[in-house]
Amino acid sequence: MSDLFQFNGAKGTGWSQPDPMIKNAYDTIPSSLRRSNLPRWPRASEPELVRHYTWLSQRNFGIDTGFYPLGSCTMKHNPRLNERIVQLPGIDRIHPLQPDHQIQGLLSIYYEMQEMLEVCSGMDQVTLQPVAGAQGEFTAIRCIQEYHRSRGQENRNKVIVPDSAHGTNPASAAMCGYDIVEIPSASNGCLDLDALRAAVGDDTAAMMITNPSTLGIFEPEIAEAAEIVHNAGGQMYYDGANFNAILGKTDPGRMGFDAVHYNLHKTFSQPHGGGGPGSGPIGVKSHLADFLPAPIADRESIDGDGVTGDGYRYFWRDPSRTIGKVQQWHGNAGAVVRAWAFYRRYGYELERMSEHAVLNANYLRHRIMNPDSDTLNSIPVMPKDGAPAEIVKHEFTLNMTPLKETIGVTGKDVAKRLLDYGYMAPTLYFPQIVPECLMFEPTETESKDVLDKFAEDFLKILTEDPEIVKTAPHDTKVRRVDEVLAARSLVLRHPLNDE
Ligand SMILES: *Cc1c(COP(=O)(O)O)cnc(C)c1O
């Protein structure tokens with residue numbers, strides 16, 4: 001036994017492993033590959049480690065500490081039931097390489113999730129493999145690329161993206177090697193069909209768009225847009241980050257799309273932020289299905305260890321057609337199971353989720369837009385000179401320019417001041433087509449009381465002494481940071497290694 005394991009769960013280490021597991025594992029490593037000295041990990045006892053993470057959590061803001069109206073991110077409450085389900089031994093103690101007949105429960109969840117997502121998106125086949133919306137975009141655009149190649153149309157090298165798109169759309173297409181064609185929005189913030197007609201051609205591979213758009217506005221002419229792109233021989237890609245607005249009401253299949261991604265961590269709850277952990281399944285129409293990554297879960301009769309009958313199994317694809325894997329197995333299993341648990345609680349009532357999300361967004365918008373004072377009545381919510389939309393979907397934007405021009409308080413100042421009131425700031429300066437943009441998405445899991453209080457506090461900030469707002473936040477553990485400095489000279493230091 002090497003000195004390496006003298007530290008096991010003792011003297012200044014905050015971790016412990018069952019002894020036999022460690023010893024057996026250690027003995028199987030050839031001596032030439034074993035470490036001769038310890039890694040320079042921080043040395044901390046269990047209480048020190050617990051304090052460290054608790055200290056970090058107190059410096060942080062989360063959906064469990066306050067209202068989190070971060071537009072485009074769908075920060076909804078994460079029901080604790082999801083955690084109970086994902087920790088069941090039949091789910092968290094299994095290995096994907098176990099034979100199919102031993103993991104029927106998990107495979108049935110995968111299968112049901114695939115089917116539910118197919119129904120809700122109007123697509124023919126879903127893969128759960130991508131672990132983020134952005135990775136789903138990349139996976140689907142690669143499938144579209146292989147589809148064009150299989151038809152001898154390598155010349156299609158352009159992807160069209162509206163100027164209101166999330167940055168991941170052009171980034172994913174560029175990673176596939178495509179040139180990006182950005183088209184401007186019309187003055188009401190919606191898709192400009194004339195600009196689209198001018199942009200398509202026999203070099204169009206696809207158009208990527210989200211509907212409702214990042215302005216929270218449903219594109220009424222989406223079917224015409226799909227026709228224009230299809231007539232030019234291109235494919236339609238639906239960015240599904242805004243599914244919270246339409247689930248059970250309409251679907252991208254009906255709107256004319258060929259491929260979509262879901263952000264399970266947004267629409268179906270899953271603690272997320274700071275880059276993970278997520279799940280970004282994609283769905284495609286049948287003409288693209290051959291190109292999907294494998295495996296997917298499928299129904300079939302099974303036979304093994306005395307278990308026979310109807311069941312579930314992995315289904316692999318023709319290796320000459322699939323784009324290959326983007327992750328192992330079904331991607332982020334935990335996120336898929338949590339999302340499944342969330343949707344199962346709604347069941348056939350799933351469309352209530354979208355109804356309440358849209359209702360909450362419109363309610364909050366009207367509370368903010370029609371205050372007793374006139375401060376915000378003059379703030380147009382639409383970009384450029386378009387008239388404000390009557391209703392929005394699950395999120396909305398505010399153009400804070402009038403405030404900036406009258407009292408010199410910017411959208412960012414207001415966002416920072418909201419932190420002092422115990423709220424997460426809304427999304428800031430996105431989408432870029434709205435000047436001084438603040439973007440709110442309350443989600444369906446907030447009560448009317450929370451929205452009322454938030455609206456009251458928000459309006460109060462607009463009438464506060466501008467100096468207080470401009471120097472906010474005042475009450476947070478970390479005050480206003482120099483973002484450029486933080487990005488250019490990032491310090492990642494463990495506090496216990498300070499000496
Ligand atoms: C969040 C989001 C994405 C990217 O999803 P990730 O899961 O963060 O990779 C893409 N498009 C829109 C509109 C989004 O809001």
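Look up a bit, the structure's there.
Residues numbered from 1 in each chain as written. Predicted model: local features only at pLDDT ≥ 70, side-chain atom pairs only at ≥ 80, totals over all residues. Heavy atoms only, no water.

Undergrad: Please give an account of the overall build of the chain that cites residues and values.
TA: Check the secondary structure of the chain and you find 19 helices and 12 strands. Contacts spanning at least 24 positions in sequence make up 71% of the contacts within the chain whose residues lie at least 6 apart. Summed over all atoms, the accessible surface of the chain reaches about 23800 Å², with 51% contributed by carbon and sulfur. (Helix = DSSP H or I, 4+ residues; strand = E, 2+ residues; numbered from the N terminus. Contact = heavy atoms within 4.5 Å. Areas by Shrake-Rupley, 256 points an atom, 1.4 Å probe, with all protein chains shown as cover.)

Undergrad: Kindly report on helix α5 (residues 104-121), identifying the contributing residues and their values.
TA: The α-helix advances 3.6 residues per turn, and as a result positions three or four apart in sequence lie on the same side. Between the first and last C-alpha of α5 there are 25 Å, a value that for 18 residues agrees with the 26 Å anticipated at 1.5 Å per step. In terms of burial, α5 is a largely internal element, 13 of the 18 residues being buried. Where α5 ends, the next residue or the one after it, G122, has phi of about 70°, a positive value. (Expected span 1.5 Å × (residues − 1). Buried < 20%, exposed > 50% of the residue type's maximum accessible area, 1.4 Å probe, protein only.)

Undergrad: Give a description of the nonpolar core that names residues and reports values.
TA: Counting residues in hydrophobic clusters, the biggest one holds 59 residues, and the most contacted among them are M113, L117, L196, Y262 and F268. For this core, the element with the highest residue contribution is α5, accounting for 9 residues. Apart from the residues lying within four places of it in its own chain, the contact partners of M113 are L128, L264, V336, A339, W340 and Y343. Formed by 26 residues, the second largest nonpolar core is a distinct cluster that contains M369, V392, V409 and V469. (Core = buried A, V, L, I, M, F, W, Y, C linked by side-chain atoms within 4.5 Å.)

Undergrad: Which residues make up the sheet that holds strand β5 (residues 235-240), and what are the values?
TA: Sheet architecture is open: 7 strands sit in the order β1-β7-β6-β5-β4-β2-β3, paired in mixed fashion. Of all the strands in the sheet, the pair left with one neighbour each is β1 (125-127) and β3 (179-183). Direction aside, neighbouring strands of the sheet carry axes that sit 20° apart on average. Pairing analysis gives 4 bridges linking strand β4 (residues 204-209) to β5, with the strands arranged parallel. By the bridge assignment for β5, I209 is matched with Y238. Sitting on the sheet, α5 is in contact with β1 and β6 (259-262), with an inclination near 125° to β1. (Pairing = 2+ DSSP bridges. Axes fitted to C-alpha atoms, helices over the stretch in contact; angles between N-to-C directions.)

Undergrad: How would you explain the site of the ligand if you had to name every residue and give the values?
TA: All residues in the neighbourhood of the ligand are listed as S72, A132, G133, A134, E137, H166, T168, D239, A241, N263, H265 and K266. Taking 380 Å² as the accessible area of the ligand by itself, protein coverage stands at 87%. Mapped by element, the contributors of at least two residues to the shell around the ligand are α6 (133-150) and α11 (264-267). No other element matches α6, which puts 3 residues into the shell around the ligand. Residues belonging to the shell around the ligand are distributed by class as follows: 3 nonpolar, 6 polar and 3 charged. (Near = heavy atom within 4 Å. Nonpolar A, V, L, I, M, F, W, Y, C, P; charged D, E, K, R; others polar.)

Undergrad: Lay out the side chain of N82 in plain terms, naming residues and giving numbers.
TA: As for its placement among the helices and strands, N82 is situated in helix α3 (residues 80-86). Of note is the side chain of N82, whose polar atom sits 3.0 Å from the side chain of S269. Setting aside residues no more than four positions away along its own chain, N82 makes contact with S269, R338, A341 and F342. (Polar contact = N/O pair within 3.5 Å; in protein donor to acceptor, adjacent residues only side chain to side chain.)

Undergrad: Explain the side chain of S354 to me, using residue names and the numbers behind them.
TA: Inspection of the secondary structure assignment puts S354 in helix α14 (residues 350-369). A polar side-chain atom of S354 sits 3.0 Å from the main-chain amide nitrogen of L247.

Undergrad: Please give an account of the packing of α14 against helix α17 (residues 448-463) that cites residues and values.
TA: Running from amino to carboxyl end, α14 crosses α17 at an angle of 30°, the nearest separation of the two axes being 9 Å. As judged from the angle between their axes, α14 and α17 are roughly parallel. Considering only the axes of α14 and α17, their crossing is right-handed. Residues N360, Y363, L364, R367 and I368 of α14 lie in contact with α17, whose contacting residues are K448, L451, D452, F454, A455, F458 and L459. Grouping the amino acids of the contact of α14 with α17 by side-chain chemistry returns 8 nonpolar, 1 polar and 3 charged. (Parallel < 35°, antiparallel > 145°, perpendicular 65-115°, else oblique. Left-handed = near helix turned anticlockwise from the far one by under 90°.)

Undergrad: Explain the pairing of β5 residue by residue, including any values.
TA: Counted residue by residue, β5 has 6 buried out of 6 residues, so it is predominantly covered. Burial along β5 is two-sided: Q235, Y237 and D239 and M236, Y238 and G240, pointing in opposite directions, are all buried. Remark: the β4/helix α9 (residues 222-231)/β5 crossover connection has right-handed handedness. Alignment of β5 against β6, held across 4 bridges, turns out to be parallel. Among the inter-strand pairings, G240 is bridged to a residue of β6, identified as Y262. (Right-handed = clockwise from strand over helix to strand, strands pointing away.)

Undergrad: Would you mind going over the state of the cysteines in detail, with residue names and values included?
TA: For the structure on display, the rule yields 0 disulfides. Not part of a disulfide, C143 finds its nearest cysteine sulfur in C176, a span of 9.4 Å. (Disulfide = S-S within 2.5 Å.)

Undergrad: Outline the packing of aromatic side chains, listing residues and values.
TA: According to the stated counting rule, one finds 16 aromatic pairs in the structure shown. With centroids separated by 5.9 Å and ring planes inclined at 75°, the aromatic side chains of W316 and W329 adopt a geometry described as edge-to-face. Of this pair, W316 sits in the loop between β9 (307-315) and α13 (333-346) while W329 sits in the loop between β9 and α13, and the two are 13 residues apart along the sequence. What makes W329 buried here is its relative accessible area of 18%. Counting every residue linked through ring pairs, the aromatic cluster contains F67, F396, Y423, F440, F454 and F458. When the ring centre of W329 is taken as reference, the NZ or CZ atom of K325 above it lies at 5.4 Å. (Phe/Tyr/Trp six-rings, centres within 6.5 Å; stacked < 30°, edge-to-face > 60°. Lys NZ or Arg CZ within 6 Å of the ring centre and 35° of its normal.)

Undergrad: Go over the pattern of salt bridges with me, naming the residues and quoting the values.
TA: One pass over the structure, following the stated rule, counts 26 salt bridges. One salt bridge in this structure joins K404 and E436, with 3.2 Å as the shortest N-O distance. Pair noted here: K404 is in helix α15 (residues 401-407) and E436 is in the loop between β11 (427-428) and β12 (437-440), with a separation of 32 residues, a long-range link. With relative accessibility at 12%, the residue E436 sits in the buried group. (Salt bridge = Lys/Arg side-chain N within 4 Å of Asp/Glu carboxyl O.)

Undergrad: Run through unusual backbone geometry, naming residues and quoting values.
TA: The omega angle of the peptide bond from F430 to P431 is -5°, so this bond is cis rather than trans. Position of P431 relative to the elements: it lies in the loop between β11 and β12. Of note in the backbone geometry, S72 takes a positive phi value of approximately 75° without being a glycine. Tracing the backbone shows S72 in the loop between α2 (46-58) and α3. With a phi close to 45°, E436 is a non-glycine residue in the positive phi region.

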